[in-house]
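Survey of secondary and tertiary structure
For reference, the chains in residue letters:
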Amino acid sequence: MKKETATPEAEMSFLDHLEELRWHLIRSTLAVVVIGIAAFIAKGFIFDGILLWPKNASFPTYQFLCNAAKIIGLESFCFTEMPFAIQSRTMAGQFSAHIWTSITAGIIVAFPYIIFEFYKFVSPGLHENERRNSKGFIIAASLLFFTGVLFGYFIVTPLSINFLGTYQVSESVLNEFDLDSYIGLVRASVLACGIVFELPIIIYFLTKIGLVTPEYLRKYRKLALVLVLILSAVITPPDIASQVIVAVPVLILYEVSIYISRGVIRRQEKAAKQNA
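Residues numbered from 1 in each chain as written. Predicted model: local features only at pLDDT ≥ 70, side-chain atom pairs only at ≥ 80, totals over all residues. Heavy atoms only, no water.

A closer look at the overall build of the protein chain
Put simply, the test is: In DSSP terms, a helix is any run of H or I states spanning at least four residues, a strand is any run of E spanning at least two, and both are numbered starting from the N terminus. What sets the accessible areas is the Shrake-Rupley method with a 1.4 Å probe; for residues, cover comes only from the shown protein chains.
Scanning the protein chain from N- to C-terminus turns up 13 helices and 2 strands. Of the accessible surface of the protein chain, which amounts to about 17200 Å², a share of 67% is contributed by carbon and sulfur atoms.

What follows is the structure, encoded as structure tokens:
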């Protein structure tokens, strides 16, 4: 008779699992720190080349919107300079912004590795067929996240800066924004979109554990539409065009999530029939 050998994962105690989790978190943190240090050193590229670029008229989104507006006889996004200035009003303001921006850059760039460490932690508890089906998880999650980050940077951020930076209640009131406020807007737009674009991955796991079904997603599609519009209103300036631009891809992701949920249910039913 074949002797069964217990795997190390099966023999691990609760404290062993915590120790394993601790090392995954340590490695993920080290990846963020290393990339954050590189971002800290590349100060000029990070601030002038990335963060402050959306306030310049040369930003490609403004060029595209300007050309599109001219076609319909408008010049809404055609300008040579944003009518606001960015300032730092505290002694440690610029240094603090530099530190937190470097950390944020580390988190964004190290995202695939963080997901990889998460996968390594949970993979011992998966069945062999689940491991095979989840091989593309890291790639899919990373692609969705970076797509969301790019969408937030090239779409949400310039729309927000253009609206809020040019908005005035009176010509006697000048727009002079604090550096933390400006960077906070860019960071929130980028990270929020990156997380929102992970919706198909989230739905996949919620379906796997039985909390969500395709029928449930279809039933509450109208409610989801309302929530998406509310979310769009939160992360974009309060104009209809910007909200629609953000809402459309999120709704597409929601519909894709329904098909993903359906595929998960079908595979589970097929596996149940084979094991019956």
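Looking at the packing of aromatic side chains
Threshold: Pairs were defined over the aromatic rings of Phe, Tyr and Trp, the Trp ring being its six-membered one, requiring ring centres within 6.5 Å. Orientation was assigned from the angle between planes: stacked under 30 degrees, edge-to-face over 60, tilted for the rest. Relative accessibility under 20% of the residue-type maximum defines a buried residue, over 50% an exposed one, and the middle range a partly exposed one, all with a 1.4 Å probe and only protein chains included.
The final tally for this structure, using the stated rule, is 18 aromatic pairs. Between F40 and F95, the ring centres sit 6.4 Å apart and the planes meet at 85°, which makes this aromatic pair edge-to-face. Taken together, the residues F40 in helix α2 (residues 14–41) and F95 in helix α5 (residues 93–109) connect sequence positions 55 residues apart. Taking the relative accessible area as the measure of exposure, F40 reaches 31% and is therefore partly exposed.

Regarding the packing of helix α4 (residues 60–71) against helix α8 (residues 137–166)
Convention followed: Each axis is a line fitted through C-alpha atoms, taken for helices only over the stretch in contact, and angles between the N-to-C directions span 0 to 180 degrees. Convention used here: angles under 35 degrees read as roughly parallel, angles over 145 as roughly antiparallel, angles from 65 to 115 as roughly perpendicular, and any remaining angle as oblique. Note on definitions: a residue-residue contact is assigned when non-hydrogen atoms from the two residues lie within 4.5 Å. In this classification, Asp, Glu, Lys and Arg are treated as charged, Ala, Val, Leu, Ile, Met, Phe, Trp, Tyr, Cys and Pro as nonpolar, and every other residue, Gly included, as polar.
Taken N-terminus to C-terminus, the directions of α4 and α8 make an angle of 75°; their axes are 9 Å apart at the nearest point. As far as their axial angle goes, α8 and α4 are roughly perpendicular. Seen from α4, the contacting residues are P60, T61, Y62 and L65; seen from α8, they are F154, P158, L159, I161 and N162. Of the residues contributing to the contact of α4 with α8, the split by class is 7 nonpolar, 2 polar and no charged.

Notes on the environment of V256
Here V256 is to be found in helix α13 (residues 240–275). Taking C-alpha positions, V256 is 9.8 Å from I203, a pair spaced 53 residues apart along the chain.

Some points on the confidence of the model for the protein chain
Worth spelling out the cut-off: The pLDDT score gives, residue by residue, the confidence of the prediction method on a 0 to 100 scale.
Across the protein chain, pLDDT averages 83, with 87% of residues at or above 70. Mean pLDDT in the protein chain bottoms out at helix α1 (residues 8–11), which sits at 50, and peaks at α5, which reaches 95. pLDDT under 50 marks residues 1–10. Its contacts with residues more than four places away, or in other chains, come to 3 contacts.

Here's the deal with the side chain of T101
Position of T101 relative to the elements: it lies in helix α5. Judged by relative accessible area, which is 8%, T101 ranks as buried. T101 has contacts with I46, F47, L51 and I183, leaving out every residue within four places of it along the chain.

Considering the nonpolar core
Here is the rule we go by: Definition of nonpolar core: a set of buried residues of the types Ala, Val, Leu, Ile, Met, Phe, Trp, Tyr and Cys, connected through side-chain atoms within 4.5 Å.
Core analysis: the biggest nonpolar cluster contains 41 residues, and F137, I161 and I183 have the highest contact counts within it. Breaking this core down by element, the ones donating at least two residues are α3 (43–51), α5, α6 (111–122), α8, α9 (179–196), α10 (199–208) and α13. A per-element tally of this core places α8 first, with 10 residues.

Quick word on a nonpolar patch on the surface
Rules: Two distance rules govern patches: like charges are joined within 9 Å, and nonpolar side chains (Val, Leu, Ile, Met, Phe, Trp, Tyr) within 5 Å, applied only to residues with over 30% relative accessible area and no salt bridge. What makes a salt bridge here is a side-chain nitrogen of Lys or Arg within 4 Å of a carboxyl oxygen of Asp or Glu, nothing more.
A cluster of nonpolar side chains, namely Y216, Y220, L223, V226, L227 and I230, defines an oily patch on the protein surface of about 560 Å² accessible area. For the nonpolar patch, the element with the most residues is helix α12 (residues 221–235), which contributes 4 residues. Tracing the backbone through its elements, the reader meets Y216 in helix α11 (residues 214–219).

Considering α3
To keep things clear, this is the line we draw: Taking the helix axis as origin, the arc is that swept by the directions to the C-beta atoms.
Residues of α3 that are buried include every one of I46, F47 and L51, and no others. Considered in projection along α3, the buried side chains sweep an arc of 80° and stay on one side of the axis. In α3, the exposed positions angled more than 90 degrees off the buried face are occupied by F45 and D48.

Things to note about α4
The condition is simple: Here, expected helix span is obtained from the residue count minus one, scaled by 1.5 Å.
Helix length check: α4 (12 residues) gives 17 Å between terminal C-alpha atoms against 16 Å at 1.5 Å per residue, within 8%. Among all positions of α4, only T61, Y62, L65, C66 and A69 are buried. Taken down its axis, α4 places every buried residue within 130° of arc, on the same side. Residues of α4 that are exposed and angled more than 90 degrees away from the buried face: F64 and I71. Turning to α4, the residues buried within the fold contact α8. Once α4 ends, the next one or two residues include G73, with phi positive near 85°.

Notes on the pattern of salt bridges
Throughout the structure, instances matching the rule amount to 4 salt bridges. Linking R89 and D178 is a salt bridge whose minimum nitrogen-to-oxygen distance equals 3.6 Å. One end of the pair, R89, is in the loop between β1 (85–87) and α5; the other, D178, is in strand β2 (residues 176–178), and 89 residues separate them in sequence. Residue classification places R89 among the exposed positions, given a relative accessible area of 63%. A residue is classified by how much of its surface remains accessible, and D178, at 18% relative accessible area, is buried.

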